[in-house]
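Per-entry structural report
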Amino acid sequence: MTTRAAVFDVDGTLVDTNYLHAVCWWESLRQAGHQVPMQDIHRGIGLGSADLLEHLLGDDRDQSQDDDLSAGHKVLYATWHQRLAPFDRASELLKHLHSEGWKVVLATSASGPELAALRKAIDADDAIEATASADDVDSGKPHPEPVQHALDLVGARAEDSVFVGDSVWDMQAARRAGVTPLAVLSGGISHSELQDAGAVEVYASTGELLDALGSSAFGQR
C-alpha cells in the first residue's frame, strides 16, 4: 500500500502566529539598535533564525549578535505561548486526512517549548504521525531538507505526497523536494506571490481547503 504524506507547515498555516513573530523580531532587533520595517520582517517569516537575520540584515552583518537576537525573539514570543490560536478547522483538517489514511507530518522551524505550545494549540496530536523540527535538519526552508526529512519520517515518496504552507519559502522547499505544494493565504502573503513560488493551488484558509479537499491535490491521490 502506498504511503501518502500530508506535510504541513505550522506557523501561519495551522496556527495564527506570523504577525506575533514579526512583532517579536521587530522588538528584539530594535533593542539591539536595528530599525527594520515590520513589513520586511513579515515577509521573512518562515525562514529559520539565521536565514531570517541574513535576509533582513545582510551577510555582512555582525553575526556575533545573531544568538542574542534570536534569544530575544524567543523570550518575547514565549509570552504568547499560552494564547496561541489555531486557524479555523485546522485540527479538523488534520484529523480528516488521518482518517483517510494520510500520514500527517509537521515540518516547522519551531522546536522545544515553542513547538509544544503550537501542538497544544492545534489540538490534533492523535492525527499527527511525526514532526520534522528545526532540531532535526541542518538547513531550513527554502532548502528542501525539512520536507525531505518529513517524508523520510513516515517512509513516503515525494510524488505521492502533498505539502501545505503559507510562505514563498514553503512553496520553494516543497518544489525542490518534489512534493506538490498547496498554499493558504492565512500567513499574509499574496495569492500571486505564492503561485509564482510554485503553489499549484491556493486557498484562503485551512477551513476552505477542508471544504475543497475532494477536488484538491489531496483528492487526486
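Predicted model, so just to flag it, every value in this text is computed and none were measured.

**Looking at the packing of aromatic side chains**
The tally for this structure, following the rule as stated, stands at one aromatic pair. Where tryptophan 102 meets phenylalanine 218, the ring centres are 4.9 Å apart and the plane angle is 80°; that geometry is what we call edge-to-face. With tryptophan 102 in the loop between helix 5 (90-99) and strand 2 (103-107) and phenylalanine 218 in the segment after helix 10 (206-211), the pair connects residues that are 116 residues apart, well separated along the chain. Accessibility classification places tryptophan 102 together with phenylalanine 218 in one group, the buried group.

**Focus on the nonpolar core**
Leu29, Ile41 and Phe163 are the most contacted members of the largest nonpolar core, which has 38 residues in total. Those residues in contact with leucine 29 that sit more than four places away from it in its chain are His34, Val36, Ile41, Leu53, Leu56, Leu57 and Leu69.

**Points about the pattern of salt bridges**
Under the defined criterion, the tally for this structure stands at ten salt bridges. A salt bridge links aspartate 66 to arginine 61, with the nearest nitrogen and oxygen atoms 2.6 Å apart. Note on accessibility: aspartate 66 and arginine 61 belong to one class, buried. What you see here is one network of salt bridges that share partners, running through Asp9, Lys141 and Asp170.

**Quick look at helix 6 (residues 112-122)**
Among all positions of helix 6, only Glu114, Leu115, Ala117, Leu118, Ala121 and Ile122 are buried. On an axial view of helix 6, the arc spanned by its buried residues comes to 160°, and they lie on one face. Opposite the buried face of helix 6, at more than 90 degrees from it, the exposed residues are Pro113 and Lys120. Lining the buried residues of helix 6 we find helix 1 (18-31), helix 4 (66-78), helix 5, strand 2 and strand 3 (128-132). Positioned one or two residues after helix 6, aspartate 123 has a phi angle of 60°, which is positive.

**Quick notes on the layout of surface pockets**
To find leftover empty space, a probe the size of one water molecule is rolled over the atoms. Taken as a whole, the largest pocket spans an internal volume of roughly 780 Å³. Around the largest pocket, the lining is made up of 39 residues, and of these Gly48, Ser49, Ser109, Ala110 and Ala134 lie nearest the centre. Elements represented by at least two residues in the lining of the largest pocket include exactly helix 1, helix 3 (49-57), helix 4 and helix 6. Per-element tally for the lining of the largest pocket: the top contributor is helix 4, with five residues. Along the lines of polarity and charge, the residues of the lining of the largest pocket split into 13 nonpolar, 16 polar and ten charged.

**Concerning the side chain of aspartate 11**
Secondary-structure assignment places aspartate 11 in the loop between strand 1 (5-8) and helix 1. Buried charge without a partner: aspartate 11 forms no salt bridge, and the closest opposite charge is lysine 141, 7.9 Å away. Dropping the residues within four chain positions of it, aspartate 11 is found in contact with Thr17, Asn18, His21, Tyr77, Thr108, Glu114, Leu118 and Asp166.

What counts, and where the lines are drawn
- Residues numbered from 1 in each chain as written.
- Predicted model: local features only at pLDDT ≥ 70, side-chain atom pairs only at ≥ 80, totals over all residues.
- Heavy atoms only, no water.
- Phe/Tyr/Trp six-rings, centres within 6.5 Å; stacked < 30°, edge-to-face > 60°.
- Helix = DSSP H or I, 4+ residues; strand = E, 2+ residues; numbered from the N terminus.
- Buried < 20%, exposed > 50% of the residue type's maximum accessible area, 1.4 Å probe, protein only.
- Core = buried A, V, L, I, M, F, W, Y, C linked by side-chain atoms within 4.5 Å.
- Contact = heavy atoms within 4.5 Å.
- Salt bridge = Lys/Arg side-chain N within 4 Å of Asp/Glu carboxyl O.
- Arc of directions from axis to C-beta.
- 1 Å grid on protein atoms, 1.4 Å probe; cavity = no way out; pocket = protein on both sides within 12 Å on 5 of 7 lines; lining within 4 Å.
- Points joined across faces, edges and corners; volume = space filled by probe spheres on them.
- Nonpolar A, V, L, I, M, F, W, Y, C, P; charged D, E, K, R; others polar.
- Lys, Arg positive; Asp, Glu negative; His and termini not counted.

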